[in-house]
Amino acid sequence: MENQELNLNHQWTKPLRKKFNLFIKEKNPTFSECKEFLRDLGIDLNDINLRFAAGIYIFEKYDGRHTVEEIKEIIEDETDSIINEN
């Protein structure tokens with residue numbers, strides 16, 4: 001039961017995703033700044049969460065200028081590079 005409680009503290013909830021999306025739209029941050037923002041929200045920066053965040057970040061960055069298929073390709077290509085840019 002304790003593990004479930006720990007995992008709940010590090011899940012992406014709808015309100016957290018909305019805060020993250022808004023942060024990206026308003027601030028136009030680097031991914032390093034996004035990682036700091038997520039850390040401040042209490043999101044565990046493990047590989048799964050970083051990949052999820054990278055997908056949101058890239059989608060928001062390119063949204064409106066590309067098709068969904070193009071964004072999917074961009075996400076696949078850029079995810080590793082932005083996660084490891086530090």
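Note that the coordinates shown come from a computational prediction; the quantities given were computed from them, not determined experimentally. (Residues numbered from 1 in each chain as written. Predicted model: local features only at pLDDT ≥ 70, side-chain atom pairs only at ≥ 80, totals over all residues. Heavy atoms only, no water.)

Some thoughts on a negative patch on the surface
Taken together, the side chains of Glu69, Glu70, Glu73, Glu76 and Asp77 make up a negatively charged region of the molecular surface. By the secondary structure assignment, Glu76 is in helix α5 (residues 68–83). Classification of Glu76 by relative accessible area gives exposed; the value is 52%. (Patch = residues over 30% accessible without salt bridge, like charges linked within 9 Å, V, L, I, M, F, W, Y side chains within 5 Å. Areas by Shrake-Rupley, 256 points an atom, 1.4 Å probe, with all protein chains shown as cover. Salt bridge = Lys/Arg side-chain N within 4 Å of Asp/Glu carboxyl O. Lys, Arg positive; Asp, Glu negative; His and termini not counted. Charge placed at Lys NZ, Arg CZ, Asp CG, Glu CD. Helix = DSSP H or I, 4+ residues; strand = E, 2+ residues; numbered from the N terminus. Buried < 20%, exposed > 50% of the residue type's maximum accessible area, 1.4 Å probe, protein only.)

So, the pattern of salt bridges
On inspection of all chains with the given rule, the structure shows three salt bridges. With a shortest N-O distance of 2.8 Å, Arg39 and Glu36 are connected by a salt bridge. With Arg39 and Glu36 both in helix α3 (residues 31–41), this residue pair falls three residues apart, about one helical turn.

What about the packing of helix α2 (residues 14–27) against α3?
Here α2 crosses α3 at 150°, and the two axes come no closer than 11 Å. If you check the angle between α2 and α3, you find them roughly antiparallel. Note on packing geometry: the crossing formed by α2 with α3 is right-handed. Note on element contacts: α3 touches α2 through Glu33, Cys34, Phe37, Leu38 and Leu41, opposite Leu16, Lys19, Phe20, Phe23 and Ile24. Each residue belonging to the contact of α2 with α3 can be placed in one class, and the counts come to eight nonpolar, no polar and two charged. (Axes fitted to C-alpha atoms, helices over the stretch in contact; angles between N-to-C directions. Parallel < 35°, antiparallel > 145°, perpendicular 65-115°, else oblique. Left-handed = near helix turned anticlockwise from the far one by under 90°. Contact = heavy atoms within 4.5 Å. Nonpolar A, V, L, I, M, F, W, Y, C, P; charged D, E, K, R; others polar.)

A word on unusual backbone geometry
Positive phi outside glycine occurs at Asn28, with the angle close to 50°. Assignment of secondary structure puts Asn28 in the loop between α2 and α3. Overall, Asn28 belongs to the exposed group, its relative accessible area being 67%.

Looking at the confidence of the model for the protein
Scored by pLDDT, the protein comes out at a mean of 81, with 86% of its residues at no less than 70. Mean pLDDT values for the elements of the protein range from 46 in helix α1 (residues 2–8) up to 94 in α3. For the stretch residues 1–9, pLDDT sits under 50, and the model shows one contact to residues farther than four places along the chain or on other chains. (pLDDT = per-residue confidence, 0-100.)

Some points on α2
Look at α2: 20 Å from first C-alpha to last across 14 residues, which is about the 20 Å you get at 1.5 Å a residue. When α2 is considered as a whole, its buried residues turn out to be Leu16, Phe20, Phe23 and Ile24. Taken end-on, α2 shows its buried residues confined to a sector of 95°, consistent with a single buried face. Residues of α2 that are exposed and point more than 90 degrees away from the buried face comprise Lys14, Lys18, Lys25 and Glu26. Those residues of α2 hidden inside the fold are in contact with α3 and α4 (47–62). (Expected span 1.5 Å × (residues − 1). Arc of directions from axis to C-beta.)

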